[in-house]
Amino acid sequence: MTYKMESSEPRTFGDLRGSRWAEPPYRGRTVREEIRANLLARLECGTPLFSGIVGYEDTILPQLVNALLARHHFILLGLRGQAKSRILRELTGLLDERIPIVAGSEVNDDPFAPISKYARDLLAECGDAAPIAWIGREQRYVEKLATPDVTIADLIGDVDPIKAARGGHLLSDELTMHFGLLPRANRGIFAINELPDLSGKVQVGLFNIMQEGDVQIKGYPVRLPLDVLLAFTANPEDYTARGKIITPLKDRIGSEIITHYPRTVQLGMEITAQEAWTRRGGRPLDVPDFVLETIERVAFEAREDKRVDKRSGVSQRLPISVLESAVSNAERRTAAAHEDRIVPRISDVYAAVPSITGKLELEYEGELQGGDTIARELIRRAAGKVLDERAGGADLVRIVAWFDQGGALKVPGDERSELCYKGFAVVPGLLDVVEDVGLSPKSDHPRAVAACELVLEGLAAAKRISRSEELGYTRAKPERREPGFGKGGISFG
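Let me begin by describing the structure that accompanies this report.

The subject of this paragraph is the packing of aromatic side chains. All chains considered together, the criterion is met by four aromatic pairs. Ring geometry for Phe 13 against Phe 112: centres 5.5 Å apart, planes inclined by 55°, an arrangement best described as tilted. In this pair, Phe 13 sits in helix H1 (residues 13-17) while Phe 112 sits in the loop between strand S2 (98-102) and helix H5 (117-126), placing the two residues 99 residues apart along the sequence. The burial state of Phe 13 is the same as that of Phe 112; both residues are buried. Seen in terms of ring centroids, Trp 402 and Phe 403 are 4.9 Å apart; in terms of plane orientation they differ by 80°. Their pairing is edge-to-face. These aromatic residues form a ring-pair network of at least three members: Trp 21, Tyr 26 and Trp 134. Sitting over the face of the ring of Tyr 261, Arg 303 holds its NZ or CZ atom 4.0 Å from the ring centroid. For Arg 467, the ring lying beneath its charged end belongs to Tyr 350, and the centroid distance is 4.4 Å.

To continue, consider the pairing of strand S11 (residues 255-258). Within a regular strand, side chains alternate between the sheet's two faces. Side chains of S11 alternate between two faces, with Ser 255 and Ile 257 buried and Glu 256 and Ile 258 left unburied. Sheet topology places strand S1 (residues 74-77) next to S11; four bridges connect them, and they run parallel. When the sheet's bridge partners are listed, Leu 77 is paired in S11 with Ile 258.

Considering the arrangement of structural elements, one finds Glu 339 in the loop between helix H14 (317-337) and helix H15 (346-351). When its relative accessible area of 12% is taken as the criterion, Glu 339 is described as buried. As for Glu 339 and Arg 416, which are separated by 77 residues in sequence, their C-alpha atoms are 7.8 Å apart. Within the structure, the side chain of Glu 339 is placed 2.9 Å from the backbone nitrogen of Ser 417, a separation counted as a polar contact.

At a minimum axis distance of 8 Å, the contact between helix H13 (residues 289-304) and helix H18 (residues 371-391) shows a crossing angle of 125°. The orientation of H13 relative to H18 falls into the category oblique. When the axes of H13 and H18 are compared, the crossing they make is right-handed. For the pair H13 and H18, the contacting residues are Asp 289, Phe 290, Glu 293, Thr 294, Arg 297, Val 298, Glu 301 and Ala 302 in the first and Leu 378, Ile 379, Arg 381, Ala 382, Ala 383, Lys 385, Val 386, Glu 389 and Arg 390 in the second. Grouping the amino acids of the contact of H13 with H18 by side-chain chemistry returns eight nonpolar, one polar and eight charged.

What counts and how
Residues numbered from 1 in each chain as written. Predicted model: local features only at pLDDT ≥ 70, side-chain atom pairs only at ≥ 80, totals over all residues. Heavy atoms only, no water. Phe/Tyr/Trp six-rings, centres within 6.5 Å; stacked < 30°, edge-to-face > 60°. Helix = DSSP H or I, 4+ residues; strand = E, 2+ residues; numbered from the N terminus. Buried < 20%, exposed > 50% of the residue type's maximum accessible area, 1.4 Å probe, protein only. Lys NZ or Arg CZ within 6 Å of the ring centre and 35° of its normal. Pairing = 2+ DSSP bridges. Polar contact = N/O pair within 3.5 Å; in protein donor to acceptor, adjacent residues only side chain to side chain. Axes fitted to C-alpha atoms, helices over the stretch in contact; angles between N-to-C directions. Parallel < 35°, antiparallel > 145°, perpendicular 65-115°, else oblique. Left-handed = near helix turned anticlockwise from the far one by under 90°. Contact = heavy atoms within 4.5 Å. Nonpolar A, V, L, I, M, F, W, Y, C, P; charged D, E, K, R; others polar.

Dropping the structure here:
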């Protein structure tokens, strides 16, 4: 990406020396000072600091602001799916819209304080005629996923024999160096995801750059006084485990910020609705709020389930993927049935089980039961919680009594709304309850069908009725009794 220069921007070093960039506060300002100044300006104006970050306003963002105001390198510690990478990418909004560099520089050299031999030689040779280029804020953000095979050459650089041969340079000459990702992030932000996965040797090299501004490459000392904000992410367990990260590097990270999953279901629903791809064009989409809540509660139930690995966590991507899959299943049904409106139901959430199983890391007990079984149980429990929240005081006795007396109901998930509505109307009091508790008016058949499924799923979760894929909804199965020593049975003697 090349930033398009405006006609007013200086194009030579002489022009630059006569512009505002040659005067304080712009001249000599480090990237951390730049971020600090822009952050203070936003705080004074009341401008939103970051877009799309929900649920961190009172917890994470104040800590992050403090770290940036203190000019700290920082690390975000948290489980997967806690918006760590998104926060890092949002930092680019705190950089200046554009800055000048020495044209052709690989390390974004400041014309007034060049660090590379290339830029120093060019300025010495051309003087005021030295060309100036401009880069935008997006070009000043570099991100790298740490893996054990990342080398010093990848991050910092290596000696390039071809450059040496073509230029007639000694290998020790700085002009023979091929710069890695970190030098190329000079005067910008360098982010490393999963920091503990870097080998100890690379961590030492990173520490040397942070602390001393120098590094040895193939035995040759290279001085690189980089101007960069370093931001890291890591899993808390990996970060605190002995041997995963060298102590000197950890000691140089100014702030340690611990992220978290949404604290409330409502916040989770906001994030899921914001991130999920649901605006697809075509037929209008109408997702009932109780379906959204059921999907979100699946993630909350999974995070509390002892069969799910707590160290791995349950990503916020789970409810996002489930919502997208549920909408897709409803979209498929609506297209096949030639209906006018897409209204996802609880049965569509069950159709999204493949979006759940791939995102759950199970403990041994969970592996024995199987991901599919656990996913369906999580959906049922989530539906039960939603029904308790929205219709906890409703009289459901007539509905349960009908099933207890032998009533059974099986409504295929791909049936048209009108046929499903007629099926649910057979159950005494079901549609009345749906309307009385405000889930849906009877007149809106697609929404009423979704609400009826919620009520029956909630009753199944409470074990007041039974549900199976083969039989549908039936009377509650009696509790299985363990062998005991009470009265009854056959006596011998």
